[in-house]
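Each chain is listed here by its residues.
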Amino acid sequence: MTTDIWAWVLDTHRQLAEAGQSRLADAIYELPDHAKEGRNEQLDAVFPEALAASRALGLPWVEVYLRHWRMQNLLNKRQQGELALPEAVDLLEFAHREETAGCPQSVCVVQDFAICHARVDGPGYVPERLAVVGETLERIEPSRACFDCLSREYSDALTDDGRPADALAHLDTAAARMQQVGERVSLHFHHVRAATLHQLGRHEEVLALLDSAEQAERAKGHELDESDRVGGALLRARALASLGRPAEARALLPDRAEAERHADLRPGWTHTVELLVAAGAWENDAELGAVLAGWVGYLDGTGSHRPCVDLLLAAGRLALARGARTVALTLASTGERKLGQLRRTDGVAEEVAALRAAAEALPVPELPVPPGELTAHLAEAGGVPYETGADLLSVALDRYRGEQAGATGLTVQLAAVLGGLGHARAAADLLWKRLEEDRGSAELTDMLGAALIDAGDAEGIRRLADRLAATSPSDGHWIRARWAAAGGRWAEALEQCEAILALDQAVINTRRLAATAATELGDHVTAQRLYQEILEHALPAEGTPEELRHRTVQEPDLWRLITAATANRDWAVVRATGALLDIEFDEPEGPVDEEWQLVLVRATRANGTTADLPAVRTGPATARILPVLGDELTLNHGDVVVFAPALLVEPPAADAPEEERERWRPVFGVLTLLDPAGYTTHWVDGAWPGDEAWAALRDGLREEGYALWAFSGDNYSVTDPEDEDAMLPGIYAALGVPPTASAAEADALLERLTAGWSHPLAWFDLAKAAGADLARHVGVIERYDL
């Protein structure tokens, strides 16, 4: 068996496709791109099914491959550390069993193991990383693709050990060895070398290296993918900022939204922004502080302890520069807690201590009013900056000596401000401390539950729920239900809500969450029952005080009831509820099947990506699909779907250009298929016959109950068989065959409707299904180079 991983992938893909395992074959191609490009949702959609298939088919090599690429995504794009460690350890063991040791991807699992320990504490695990990677490098040839990857990992370990010069020397030696055996160095290798040059302060060389590396890639016909482009731009921006060229750096710096989507960009982005702030080219405001605090919290939650400390130190320096005393002290406290999770603290412990000292040295603000009056004062003043409010509230809480309720109010207010500034964990810690003093406060427990959910603190949720269960079982179930819903564990959320309803039939918000969970689970019968119960148990809209308005029927409750009833074909409830929303129907009874407007419905493909499909809205929560679709979607032309009522794309503003407002269509998310039309898709390819002939074909097919949908655009062309150097406009379209017609009938109809065309079309798969002569179609495919 070849040690060329990509040759093995190609061969395995072919074998799986030939064996009818097309979904697993596709996953083998798709998973690496999802992993490298940070398409996390698509990866999460594809991976479980692919892994299960590999195990069911007894393909341990494929399992190693799939799990490795998922680990690459978890460790790099999601920056997971201790959270991914059990899987990294288990995968390393699995990849070195007798049945998997020969798999070309097994070597790469060593890199996963090393990266995971680097996320936990890179400097702390330097000896282990160098040992395991070094041993593996010694036993593989430089011609192996994994030699490139593992050489980078070895270099990273040296850099984490404070030896960037040694890291650079190792990279140069590895590059020379690869080039000696005719292998090219990857662009990722050059990016690591650029980062190492940055550590050495050789920023001009960083720019030159990136230019030459990217030019070499393009010269070989390799277009840079999105992650390579963004990564290169970030490296350039950091180098330019370091060289004192802030305007150029800011122009190249990826948008913050990119760093929000891809956690691996955040360290470099933060470092660059810190340089830009120092140069006066970036505003160091509370919004920036909140973003960085949120990223610190994310790394804290994933167990990436060392990156978390590095990032909070940068956030702390920026907070000090803003004079944000409470924020800086909060970051110092987080740093002190994280030090206990590091193996090696030399240097970094001193930095955390310096942050604490500098934060304590910042001026303590004077209170404008006595501590007990501050909450009311801030509410009256309005517009007080969050960080200023945090400093004032911290002082007031420290000095308050009044009644317990006043201290609780200050604590809740400060926790809310800290949460708004991205410090959910600190807010929770503050609330826990106050709860020991005011154990019966419902306000504290409610706020604490929200803070724990925001912080992703599973242990804190368990602790709070257990505590509440002793005195208020419903509240214990409620916090568990909210936690489950936040994690998308809908069966658990529904179970907890049902436990509350068994104790208290009058609750409303519990029913709302339970109905949402039931909808997510596809249990529309339960969802409808719960929404109808909301109408029965809700308080009247008139006369209900503002603080109880959540217990009245809200408009979204009615729309969601319509959606659930539609999925259940309970048209009487749909019509009755529609009347409450002033919806007028064409008919007084029976199924709702009208023509309202053109909309887009968002459906999920088999690979986890989404598609916005044109459809005709046929009722309050239904739409009929217009295009003929391929097998990547479970929907097709004529299918009627139920959609969720919430708009996924907001309409243009009233002052937007008229063209934009006219082009806009409502976008709704598909919930379930209501009425399948039963169309089967076959593809038609060839030269464009002209507008008149195409319209005649489309109309002729429609008269017989077929559908035709063109997918090719103006740029699609085919070879002119009369002149191989010339091209003809082309057409690539999907033919929808109705369930009442056979493949043979569809083939005959197409032959009749296109007879006499100067450029015949090909529909090879349909002809094959019809048992027709394939020679004509093969001839068209060859002559027009389809």
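Every value quoted in this text rests on a predicted model; they were computed, and no experiment measured them.

Basis of the calculations
Residues numbered from 1 in each chain as written. Predicted model: local features only at pLDDT ≥ 70, side-chain atom pairs only at ≥ 80, totals over all residues. Heavy atoms only, no water. Helix = DSSP H or I, 4+ residues; strand = E, 2+ residues; numbered from the N terminus. Rg over C-alpha atoms; globule rule 2.2 N^0.38 Å. Contact = heavy atoms within 4.5 Å. Areas by Shrake-Rupley, 256 points an atom, 1.4 Å probe, with all protein chains shown as cover. Phe/Tyr/Trp six-rings, centres within 6.5 Å; stacked < 30°, edge-to-face > 60°. Buried < 20%, exposed > 50% of the residue type's maximum accessible area, 1.4 Å probe, protein only. Lys NZ or Arg CZ within 6 Å of the ring centre and 35° of its normal. Salt bridge = Lys/Arg side-chain N within 4 Å of Asp/Glu carboxyl O. Disulfide = S-S within 2.5 Å. Polar contact = N/O pair within 3.5 Å; in protein donor to acceptor, adjacent residues only side chain to side chain. Patch = residues over 30% accessible without salt bridge, like charges linked within 9 Å, V, L, I, M, F, W, Y side chains within 5 Å. Pairing = 2+ DSSP bridges.

Chemist: So, the overall build of the protein chain: which residues are in play, and what are the values?
Modeler: For the protein chain, the helix and strand inventory stands at 36 helices and 9 strands. Against the globule reference of 28 Å for 786 residues, the protein chain gives a C-alpha radius of gyration of 31 Å, in line with a compact fold. Along the first, second and third principal axes, the C-alpha atoms of the protein chain reach 95 × 80 × 55 Å. For the protein chain, the share of sequence-separated contacts (at least 6 apart) that also reach a separation of at least 24 residues comes to 59%. Total accessible area on the protein chain stands at roughly 36,500 Å², and carbon and sulfur atoms take up 50% of it.

Chemist: A description of the packing of aromatic side chains should follow, citing residues and the corresponding values.
Modeler: With the rule as written, the count across this model stands at 9 aromatic pairs. Note on Phe643 and Phe668: the rings are 4.4 Å apart at their centroids and 20° apart in plane angle, and the pair reads as stacked. Residue Phe643 is found in strand β4 (residues 640-643), and its partner Phe668 is found in strand β5 (residues 667-675); the two are separated by 25 residues along the sequence. Across the pair, exposure class does not vary: Phe643 and Phe668 are buried alike. Ring-pair connections join several aromatic residues into one group, and the members of that group are Trp8, Trp61 and Tyr65. The ring centre of Phe94 lies 5.3 Å from the NZ or CZ of Arg67, which sits over that ring. A cation over a ring is seen here: Arg266 above Tyr298, with NZ or CZ 5.1 Å from the ring centre.

Chemist: Which residues make up the pattern of salt bridges, and what are the values?
Modeler: Opposite charge on two side chains allows them to pair when their charged atoms are near. Scanning all chains against the criterion turns up 56 salt bridges. A salt bridge links Glu49 to Arg23, with the shortest nitrogen-to-oxygen separation between them at 2.9 Å. On the criterion of sequence distance, the pair formed by Glu49 in helix α3 (residues 40-56) and Arg23 in helix α2 (residues 22-37) is long-range, its members being 26 residues apart. The salt bridge involving Arg256 is made with Glu260; its shortest N-O contact spans 3.9 Å. Here Arg256 pairs with Glu260, and both are found in helix α14 (residues 256-261), just 4 residues apart, close to one helical turn. One network of salt bridges, with partners in common, ties together Arg55, Glu63, Arg67, Glu87 and Asp90.

Chemist: Mind laying out the state of the cysteines, listing which residues take part and the relevant values?
Modeler: Overall, the coordinates contain 0 disulfides when judged by the stated rule. Cysteine Cys108 remains unbridged, with the sulfur of Cys146 as its closest cysteine sulfur at 4.9 Å. Since its relative accessible area comes to 10%, Cys108 is described here as buried. The thiol of Cys116 is not disulfide-bonded; the next cysteine sulfur, from Cys308, is found 15 Å away. Given the relative accessible area of 0%, Cys116 is considered buried.

Chemist: How would you sum up the environment of Ser186? Please name residues and give values.
Modeler: Structurally, the position occupied by Ser186 is in the loop between α9 (164-180) and α10 (187-199). Considered as a pair, Ser186 and Ala145 are 41 residues apart in the sequence and their alpha carbons are 9.2 Å apart. Sequence-distant contacts of Ser186, defined by excluding residues within four places in its chain, comprise Asp148 and Arg152. A polar atom in the side chain of Ser186 sits 3.0 Å from the backbone nitrogen of Phe189.

Chemist: Explain the side chain of Thr411 to me, and be specific about the residues and the numbers.
Modeler: Within the element layout of this structure, Thr411 appears in helix α22 (residues 404-420). Ignoring any residue separated from it by four or fewer positions in sequence, one finds Thr411 in contact with Leu397, Leu430, Leu431, Arg434 and Leu444.

Chemist: Residue-level account of a nonpolar patch on the surface, with values.
Modeler: A surface patch of nonpolar side chains, amounting to about 230 Å² of accessible area, comprises Leu535, Val553 and Leu580. Topologically, Leu580 is positioned in helix α31 (residues 571-580). On the basis of relative accessible area, Leu580 is assigned to the exposed category, the value being 55%.

Chemist: How would you explain unusual backbone geometry if you had to name every residue and give the values?
Modeler: The backbone of Gln79 shows a phi angle near 55°, a positive value even though the residue is not glycine. You can see Gln79 is positioned in the loop between α4 (60-77) and α5 (85-95). Taking the relative accessible area as the measure of exposure, Gln79 reaches 7% and is therefore buried. You will see that Asp785, though not glycine, has its phi angle at about 55°, which is positive.

Chemist: Please provide a residue-by-residue account of the environment of Leu448, values included.
Modeler: Inspection of the secondary structure puts Leu448 in helix α24 (residues 442-455). What makes Leu448 buried here is its relative accessible area of 0%. Along the backbone, Leu448 and Asp685 are 237 residues apart, and their C-alpha atoms lie at a distance of 61 Å.

Chemist: Explain the pairing of strand β8 (residues 717-720) to me, using residue names and the numbers behind them.
Modeler: A regular strand places its side chains on the two faces of the sheet in alternate fashion. Note that β8 and strand β9 (residues 723-737) share 4 bridges and pair antiparallel. Bridge pairing in β9 places Thr719 opposite Met727. Here β8 hands over to β9 after 2 residues, the two strands then running antiparallel side by side.

None of the figures reported here should be taken as evidence of function without further support.
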